[in-house]
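Summary of the model geometry
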Amino acid sequence: MSIILGIESSCDETAAALVTSDRRILSHKLAGQEEAHAPFGGVVPEIAARAHAEIITPLIEAALAEADLELGEVDAIAATAGPGLIGGVMVGLVTGKALAMAADKPLIAVNHLEGHALSPRLANPDLEFPYLLLLVSGGHCQILRVDGAGQYRRLATTIDDAAGEAFDKTAKILGLGYPGGPKVEALAKAGDATAVPLPRPLKGSKEPHFSFAGLKSAVVRAFQSGEHRPEDIAASFQQAAVDCLKDRLEKAIEDHGAAPHLVVAGGVAANVSIRSMLEQLASDYNMQFTAPPLWLCTDNAAMIAWAGAERFALGLTDPLDFAARPRWPLDRDAEKVRGAGVKA
Ligand code: KG4
Ligand code: ZN
């Protein structure tokens, strides 16, 4: 059994966690920055980096104290090394390197996306490789075949916006504030999902990818027309997003075959309508469905510690001169598609 300290700072959450290789979460601490970014309607990279730098050390100390551990009792230090906002990533990675050096422990440079991708295995001990993964976050919307830690094949990605970005932009248009996903979901409960006709970009397309930019523009037009209630726009938008995700997953399953498990990860996986669609889809194709608990879907350090534990078990540690990577695809062989990868 090994104990891994995980550090996360790639976007607007600073987090530290201690997780064991036998799936015990000894502690996890998280400091959000919502208030700092709220006046700007989105994450301001410079503000984020400064906020990470202020809180990261006390947060790690608090995580160690809650787990009743000294740094010397940890087996390895796993820090997010990308992709993400580079200033923030550097704060967490440099902190991880300093601790690794001071305590003479191995460093594991974790791809934030791998943190999301493997997080369902922290929650579900029965989830084995390979699995089909829908990775949906603020910066990414991908379908991946996960064959093992470090072994990913990308089957689809977005050609423009990520799904979470579409939720955030819809929230902004409707004046709901940031972060938008949970706010759109809450408002949608009071709305009629059939009230506003909205497009389903790339639905039925022969190419495998996602697109959400046209949906966002249609939301802008629906809002500006003044003909619709905000709750109806929210509900209709959410339904359109659900339909797009479902159609592209069906395409991936038809093109590449089903897997024993259908798995969802990333912040957007917190959305209950999306989860229920996935649950139904999995049962239609005779797949088991796994979704991590809600707190493990959005950014956190337990998933980074767990990805660290999976890599540590394979002997995959990194040198102290590992450089932070603003962009870092999980599948290095995947062809670039237009528009994608612009945001981390
Ligand atoms: O994975 P995450 O915490 O950060 C990134 O790595 O991007 O994902 C954040 C994204 C945001 O776009 C947020 O609006 C979205 O996840 N999100 C949701 C919900 N909760 C968070 N989107 C839809 N419904 C939700 N309940
Ligand atoms: Zn994330």
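Conventions adopted
Residues numbered from 1 in each chain as written. Chains lettered and ligands numbered in written order. Predicted model: local features only at pLDDT ≥ 70, side-chain atom pairs only at ≥ 80, totals over all residues. Heavy atoms only, no water. Domains from an automatic or database assignment. Contact = heavy atoms within 4.5 Å. Buried area = accessible area lost by both parts, 1.4 Å probe. Salt bridge = Lys/Arg side-chain N within 4 Å of Asp/Glu carboxyl O. Polar contact = N/O pair within 3.5 Å; in protein donor to acceptor, adjacent residues only side chain to side chain. Helix = DSSP H or I, 4+ residues; strand = E, 2+ residues; numbered from the N terminus. Nonpolar A, V, L, I, M, F, W, Y, C, P; charged D, E, K, R; others polar. Buried < 20%, exposed > 50% of the residue type's maximum accessible area, 1.4 Å probe, protein only. Expected span 1.5 Å × (residues − 1).

1. Quick word on the domain arrangement of the chain
Domain boundaries assigned for the chain yield domain 1 (3–117 + 296–343) and domain 2 (129–291). Centre-to-centre, using C-alpha coordinates, domain 1 lies 25 Å away from domain 2. Tallying the contact residues gives 25 residues for domain 1 and 28 residues for domain 2. Buried surface at the junction of domain 1 and domain 2, summed over both partners, amounts to about 2200 Å²; 60% is from carbon and sulfur atoms. Inspection of the region where domain 1 meets domain 2 yields zero salt bridges. Along the contact surface separating domain 1 from domain 2 lie six residue pairs in polar contact (both at pLDDT 80 or more). At the level of secondary structure, the elements contributing two or more residues to the side of domain 1 that touches domain 2 comprise α4 (112–123) and α11 (302–313). Here the side of domain 1 that touches domain 2 gets four residues from one element, more than from any other, and that element is α4. Considering only residue class, the side of domain 1 that touches domain 2 consists of eleven nonpolar, five polar and nine charged.

2. Some details on the side chain of E114
Looking at the secondary structure, you find E114 in helix α4. Accessibility expressed as a relative area gives 3% for E114, which makes it buried. Not counting residues up to four positions away in its chain, the partners in contact with E114 are A149, G150, Y152, A307, R311 and L330.

3. Thoughts on α4
Helix length check: α4, at twelve residues, gives a terminal C-alpha distance of 17 Å against a target of 16 Å (1.5 Å per residue), a fit within 8%. Along α4, eleven of the twelve residues are buried, which leaves the element largely enclosed by surrounding structure. All buried positions along α4 are accounted for by H112, L113, E114, G115, H116, A117, L118, S119, P120, R121 and L122. Two to three positions downstream of the cap, the backbone nitrogen of L113 sits 2.8 Å from a side-chain oxygen, assigning the N-cap of α4 to N111.

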